[in-house]
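Structural description and commentary
Take a look at the letters that make up each chain.
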Amino acid sequence: MWWFGTTCAGCGARLQLLSQSGFCDGCSPALECAEAWLGAPTLPVAAGWAYTGPLQAWISRCKQGIFSDPDLLLPPLQRLLKQLTAAGPVALVAIPPERTRLRQRGLHLPDLLVDRLRTREAPRAWLLERVDRAPVRRERVRSPPVLRARALGEKLPVVLIDDVVTTGQTLATACAALQSVGQPVKAAICLADARPQILAQILGQG
Ligand SMILES: [Zn+2]
């Protein structure tokens, strides 16, 4: 299921052996860093990348079950996390998958991201469980997830981790579920930002 560097993570074109970035020469310059916090004061949300071009292709491949090594995509997320842990340790909590979907795909991108991002200052915590079981139909408007939360004993502030932020509704639902059991939530970090304001900001100049 894992493959490393033989084909471009964005377009699937064949790469030279020992390619450093994992993206081809056409896709690499089209990767757009995002790294802008938006949503304060309720829930500051930032993502590493703009949800566009090769990054969008990479994520959609993951959603089809074709995972490639995400390490090359991590540095902007690690920088964002470092900003948050400067004030003290946090707990990383992945937005959980809908159960039937997880069974189909096997791997869940937010879980994978937490696994790669966690450090001593930012350990992983399993505080959220998704309790809606209805299969997601493409033609139906997605309803927000139903999440059950539990609190951490030591009350480290939570940093939510998700793959794509579009409206922020799922993150807001997760934040509310955790706060309802007394668990503080500090911020959310996503791999890709699909929020119109952010995309306009990043891509508007081009
Ligand atoms: Zn490519």
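Right above here is the structure, for reference.
Our subject in this report is the structure included herewith. (Residues numbered from 1 in each chain as written. Predicted model: local features only at pLDDT ≥ 70, side-chain atom pairs only at ≥ 80, totals over all residues. Heavy atoms only, no water.)

Turning to the overall build of the protein, a few remarks are in order. Helices and strands together make up the secondary structure of the protein, namely 6 helices and 6 strands. Secondary structure of the protein in N-to-C order comes out as β-α-α-β-α-α-β-β-β-α-β-α. Looking at the protein as a whole, 47% of its 206 residues qualify as buried. Residue pairs at least 24 apart in sequence account for 72% of intrachain contacts in the protein once pairs closer than 6 positions are excluded. (Helix = DSSP H or I, 4+ residues; strand = E, 2+ residues; numbered from the N terminus. Buried < 20%, exposed > 50% of the residue type's maximum accessible area, 1.4 Å probe, protein only. Contact = heavy atoms within 4.5 Å.)

A side chain with one charge can pair with a side chain of the opposite charge if their charged atoms come near. Inspection of every chain in the model, using the stated rule, returns 6 salt bridges. As a salt-bridge pair, Asp 163 and Lys 63 come within 3.6 Å of each other at their nearest N and O atoms. Taken as a pair, Asp 163 in strand 5 (residues 158-165) and Lys 63 in helix 1 (residues 53-63) lie far apart in primary sequence, 100 residues in all. The exposure class of Asp 163 is buried, given its relative accessible area of 8%. On the accessibility criterion, Lys 63 (33% relative accessible area) is partly exposed. Here Asp 71 makes a salt bridge to Arg 116, at a shortest N to O gap of 2.3 Å. Taken together, the residues span a long stretch of sequence, with Asp 71 in the loop between helix 1 and helix 2 (75-85) and Arg 116 in helix 4 (residues 109-117) at a distance of 45 residues. By relative accessible area, which is 38% here, Asp 71 ends up partly exposed. (Salt bridge = Lys/Arg side-chain N within 4 Å of Asp/Glu carboxyl O.)

Spatially, the 4 strands line up as an open sheet ordered 1-6-5-2, and their pairing is parallel. The sheet terminates laterally at strand 1 (45-50) and strand 2 (91-94), the two strands that pair on one side only. Sheet twist, expressed as the average angle between the axes of neighbouring strands with direction ignored, equals 25 degrees. Where strand 5 meets strand 6 (residues 185-193), 7 bridges bridge the pair, whose relative direction is parallel. Bridge pairing in strand 6 places Asp 162 opposite Cys 190. Of the strands in this sheet, strand 1, strand 5 and strand 6 are in contact with helix 1, which crosses strand 6 at around 100 degrees. (Pairing = 2+ DSSP bridges. Axes fitted to C-alpha atoms, helices over the stretch in contact; angles between N-to-C directions.)

Each pair of donors in an ideal four-coordinate tetrahedral metal site encloses 109.5 degrees, whereas pairs in an ideal six-coordinate octahedral site enclose 90 or 180 degrees. Protein ligation of the zinc ion involves Cys 8 (SG), Cys 11 (SG), Cys 24 (SG) and Cys 27 (SG), the donor distances falling in the range 2.3 to 2.4 Å. Every donor counted, the 4 donor atoms about the zinc ion form angles of 105 to 113 degrees at the centre, which fits tetrahedral coordination. All donors of the zinc ion belong to a single chain; written as a sequence motif, their spacing is C-x2-C-x12-C-x2-C. Cys 8 gets classed as buried once you look at its relative accessible area, which sits at 0%. Residue Cys 11 is classed as partly exposed on the basis of its relative accessible area, which comes to 43%. (Donors = N, O, S within 2.8 Å, 3.2 Å for Na, K, Ca; no water. Tetrahedral: all angles 85-135°; square planar, octahedral: opposite > 155°, others 65-115°.)

The residue Val 45 is located in strand 1 in this model. Owing to a relative accessible area of 5%, Val 45 belongs among the buried residues under this scheme. Note: C-alpha distance between Val 45 and Glu 35 (10 residues apart in sequence) is 9.4 Å.

This part covers the environment of Gly 26. Tracing the backbone through its elements, the reader meets Gly 26 in the segment before strand 1. Sequence separation of Gly 26 and Ala 13 is 13 residues, and the distance between their C-alpha atoms is 9.7 Å.

With 8 of its 8 residues buried, strand 5 lies for the most part within the structure. Here 4 bridges tie strand 2 to strand 5, and the two strands are oriented parallel to one another. Bridge assignment links Val 93 to a residue of strand 5, and that residue is Leu 160. Following the backbone out of strand 5, through helix 5 (residues 169-180) and into the adjacent parallel strand 6, one traces a crossover that is right-handed. (Right-handed = clockwise from strand over helix to strand, strands pointing away.)

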